[in-house]
Amino acid sequence: MNISNNFKSGRHFLQIPGPTNIPDRVLRAMDYPIIDHRGPEFSDMAKNILENIKMLFKTKEPVIIYPASGTGAWESAIVNTLNEGDKVLMFETGHFSSLWLEIAKKFKLEVDFVDGDWRTGVDPKIVEQKLFEDKEKKIKAIFVVHNETSTGVTSRIPEIRKAIDNAKHSCLFFVDTISSLGSMDYKHDDWGVDVTIGGSQKGLLLPPGLSFNAISSKAIEAYKKSKLSKSYWDWKPMIDNNKNGFFPYTPATNLLYGLNEALKMLFEEGLENVFKRHERLAEATRMAVNGWGLEILCKNKNEYSNSLTAVLVPKNCNADDLRKIILDNYNMSLGTGLSKMKGKIFRIGHLGNFNELMLAGTLAGVEMGLKISKIPYKSGGIMSALNYLSK
Ligand SMILES: *Cc1c(COP(=O)(O)O)cnc(C)c1O
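Scoring rules and cut-offs
- Residues numbered from 1 in each chain as written.
- Predicted model: local features only at pLDDT ≥ 70, side-chain atom pairs only at ≥ 80, totals over all residues.
- Heavy atoms only, no water.
- Helix = DSSP H or I, 4+ residues; strand = E, 2+ residues; numbered from the N terminus.
- Polar contact = N/O pair within 3.5 Å; in protein donor to acceptor, adjacent residues only side chain to side chain.
- Contact = heavy atoms within 4.5 Å.
- Core = buried A, V, L, I, M, F, W, Y, C linked by side-chain atoms within 4.5 Å.
- Buried < 20%, exposed > 50% of the residue type's maximum accessible area, 1.4 Å probe, protein only.
- Domains from an automatic or database assignment.
- Near = heavy atom within 4 Å.
- Areas by Shrake-Rupley, 256 points an atom, 1.4 Å probe, with all protein chains shown as cover.
- Patch = residues over 30% accessible without salt bridge, like charges linked within 9 Å, V, L, I, M, F, W, Y side chains within 5 Å.
- Salt bridge = Lys/Arg side-chain N within 4 Å of Asp/Glu carboxyl O.
- Pairing = 2+ DSSP bridges.
- Expected span 1.5 Å × (residues − 1).
- Buried area = accessible area lost by both parts, 1.4 Å probe.
- Phe/Tyr/Trp six-rings, centres within 6.5 Å; stacked < 30°, edge-to-face > 60°.
- Axes fitted to C-alpha atoms, helices over the stretch in contact; angles between N-to-C directions.
- Parallel < 35°, antiparallel > 145°, perpendicular 65-115°, else oblique.
- Nonpolar A, V, L, I, M, F, W, Y, C, P; charged D, E, K, R; others polar.

Student: How would you explain the side chain of Asn 80 if you had to name every residue and give the values?
Tutor: Note that Asn 80 resides in the loop between helix 3 (70–79) and strand 3 (87–91). Here Trp 233 takes part through its backbone oxygen, which lies 2.9 Å from a polar atom of the side chain of Asn 80. In this structure, Asn 80 is in contact with Tyr 66, Ala 222, Tyr 223, Ser 226, Lys 230, Trp 233, Asp 234 and Trp 235, ignoring residues within four places of it in sequence.

Student: Before we move on, can you summarise the nonpolar core with the specific residues and values?
Tutor: Ranked by size, the top nonpolar core spans 92 residues in total, and within it Ile 78, Leu 82, Ile 142, Phe 143 and Leu 259 carry the most contacts. The two domains that each donate at least three residues to this core are domain 1 (13–20 + 270–389) and domain 2 (24–267). If near-sequence neighbours (up to four positions away) are discounted, Ile 78 is found in contact with Trp 100, Ile 103, Ala 104, Phe 107, Leu 109, Phe 143 and Leu 228. Residues Leu 281, Ala 288, Phe 354 and Leu 370 belong to the second largest nonpolar core, which totals 28 residues.

Student: Outline the side chain of Ser 155, listing residues and values.
Tutor: With respect to the helices and strands, Ser 155 occurs in the loop between strand 7 (153–154) and helix 6 (157–166). Given a relative accessible area of 3%, Ser 155 falls into the buried group.

Student: Break down the site of the ligand for me, citing the residues and quoting the values.
Tutor: The full set close to the ligand counts 13 residues, and Ser 69, Thr 71, Thr 149, Asp 176 and Lys 202 are the nearest of them. At 2.8 Å, a backbone N or O of Gly 70 approaches an oxygen atom of the ligand. Here the ligand has 380 Å² of accessible area as a free molecule, and 88% of this is covered by the chains. With 3 residues, the single largest contributor to the shell around the ligand is helix 3.

Student: Would you mind going over a nonpolar patch on the surface in detail, with residue names and values included?
Tutor: A cluster of nonpolar side chains, contributed by Tyr 330, Met 368 and Ile 372, occupies part of the molecular surface with about 250 Å² of accessible area. Tracing the backbone shows Met 368 in helix 12 (residues 356–372).

Student: Now, about the sheet that holds strand 12 (residues 308–312): what can you tell me, with residues and values included?
Tutor: The strand order across the open sheet built from 3 strands is 11-12-14, with neighbouring strands paired in antiparallel fashion. Every interior strand has two partners, whereas the edge strands, strand 11 (295–296) and strand 14 (345–349), have only one. Here strand 12 runs beside strand 14; their pairing, made up of 5 bridges, is antiparallel. The partner of Ala 310 across the bridge, within strand 14, is Arg 347.

Student: Residues and numbers for the pattern of salt bridges, please.
Tutor: Counted under the stated rule, the structure contains 27 salt bridges. As a salt-bridge pair, Arg 156 and Glu 159 come within 2.9 Å of each other at their nearest N and O atoms. Through salt bridges with shared partners, a single ionic network connects Arg 25, Glu 261, Lys 264 and Glu 268.

Student: Talk me through helix 9 (residues 253–269); I want residue IDs and the actual numbers.
Tutor: For helix 9, which comprises 17 residues, the first-to-last C-alpha distance of 25 Å matches the rise-based estimate of 24 Å (1.5 Å per residue) to within 8%. Contacts made by the buried residues of helix 9 are with helix 1 (24–30), helix 2 (40–57), strand 2 (63–66), strand 10 (211–215) and helix 10 (271–291). Backbone geometry just after helix 9 places Gly 270 at a positive phi near 95 degrees.

Student: So what's going on with the domain arrangement of the protein chain? Residues and values would help.
Tutor: Considered domain by domain, the protein chain is made up of domain 1 (13–20 + 270–389) and domain 2 (24–267). Taking the mean C-alpha position of each, domain 1 and domain 2 sit 27 Å from one another. The partner domain 2 presents 34 residues to the 34 residues of domain 1 that form the contact. When the two sides are added together, the surface that domain 1 and domain 2 hide from each other amounts to roughly 2700 Å², 55% of it contributed by carbon and sulfur. Of all residues in domain 1, Leu 271, Phe 275 and Glu 303 bury the most surface against domain 2, accounting for 22% of the area lost on that side.

Student: Explain the environment of Asp 190 residue by residue, including any values.
Tutor: Positionally, Asp 190 belongs in the loop between strand 8 (172–176) and strand 9 (195–199). Since its relative accessible area comes to 63%, Asp 190 is described here as exposed. Separated by 104 residues in sequence, Asp 190 and Asp 86 have C-alpha atoms that sit 26 Å apart.

Student: I'd like a description of the packing of aromatic side chains, backed by residues and values.
Tutor: Throughout the structure, instances matching the rule amount to 11 aromatic pairs. Pairing Tyr 66 with Trp 233 gives two aromatic rings, centres 4.9 Å apart and planes at 80 degrees, and the pair type is edge-to-face. Here the residue Tyr 66 occupies a position in strand 2, and Trp 233 occupies one in the loop between helix 7 (217–225) and helix 8 (235–242), the gap between them amounting to 167 residues. A relative accessible area of 0% means that Tyr 66 is categorised as buried.

Student: Provide a residue-level description of the packing of helix 12 against helix 13 (residues 382–389), including the pertinent values.
Tutor: Each pair of packed helices can be summarised by the angle the axes make with each other and by the distance between the axes. Between helix 12 and helix 13, the shortest axis-to-axis distance is 10 Å and the interhelical angle comes to 170 degrees. The angle between helix 12 and helix 13 falls in the class roughly antiparallel. Listed contacts from helix 13 to Glu 356, Leu 359, Ala 360, Leu 363, Ala 364 and Glu 367 of helix 12 are Ile 382, Ala 385, Leu 386 and Leu 389. Its residues assigned to classes, the contact of helix 12 with helix 13 comprises 8 nonpolar, no polar and 2 charged.

Student: Talk me through the sheet that holds strand 8; I want residue IDs and the actual numbers.
Tutor: One open sheet accounts for 7 strands, arranged 2-10-9-8-5-3-4; its pairing is mixed. Both edges of this open sheet fall to strand 2 and strand 4 (110–114), since each of them pairs with a single strand only. Going across the sheet, the axis of each strand differs from the next one's by a mean of 20 degrees, ignoring polarity. Taken together, the 5 bridges between strand 3 and strand 4 define a ladder with parallel strand orientation. Along strand 4, the bridge assignment pairs Leu 89 with Asp 112.

Student: How would you sum up unusual backbone geometry? Please name residues and give values.
Tutor: Residue Pro 19 follows Gly 18 across a cis peptide bond; omega there is -5 degrees. Tracing the sequence through the fold places Pro 19 in the loop between strand 1 (13–15) and helix 1. Phi at Lys 137 takes a positive value of approximately 55 degrees, unusual for a residue other than glycine. Structurally, Lys 137 can be placed in the loop between helix 5 (124–133) and strand 5 (139–145). Its identity as a non-glycine residue notwithstanding, Asn 316 has a phi of 75 degrees, on the positive side.

Printed below as a string of structure tokens:
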């Protein structure tokens, strides 16, 4: 027998901002035999899920479920509503908004990409100004990432909605809520969003593999005029089949078992309590970061993310060296800095299936890692978090 000596006892701490830790209840629910996806048992389950998931998006309109990663649902929003050459407004909030831009370019949309510093959210004033100046109503859609997972910065969706209304503009409003849905409040209908993009693996207690489009009736009107090629992503066969609890192609049966259970768990805790828990754990994390004397990447307090915190390390230090120390010594994974943030930040995921003691362990791992590393910091920062959590 060949035995390597690298077994690590105890549970790995997966504190990246997605994919996140899956609750045992969801794992057990997925451990169930495949059923006929054209049979009555499946149809009952799917109808239930398709109805219940609306509560998560806070919508009365249809929610489409794809067996795909979030990137697919980004593409789907575009190909179902727009046409080649359409002018659209996008914002550089971080890595994910930049990836969405690349998809828009591939479908030959004419993108006005507003520069950003990766430390602030979309400025509603700029939205209002850009739309106000567009007298000929050439802009067909605006794209916003609600929670930039690469930076821990949120954009204020209700204020952006208001800016669109103030400019009396009729453009479509697309919002990516992949890493905020089920962690921070989100209101598809009240906020007048036309296509909301969601994914399974961040706050939704699920593995990667499902993604969502919540759509408005205005988006369905746009669908009728959209000539971009679509086949797999086409909304119509989905909506038609979903009415009877079926899908136009093989659904991800076991992930749907998981989704069914995850929705139950979120509703048992109560969505508003889920959001409060995330807010509390996020606030405690920020207190620890301040206690260590390190800087939070997000500049504005009213744009803090409650699903993750991105922490800047001082110049001449490398955040990835710290991440390696923490992984090697304490078996914990933290999120790396993406593209231009590489080495400059590390990201603490505090979303999904998560509680006080998991956060205490996470923060202890960071503080012990800081001690081993050569990064200057104030020891004991974790105490501000623990004091806050025990109040
Ligand atoms: C993770 C993420 C994506 C990408 O989703 P994939 O499932 O990796 O395709 C898009 N947007 C945001 C905000 C994300 O956090």
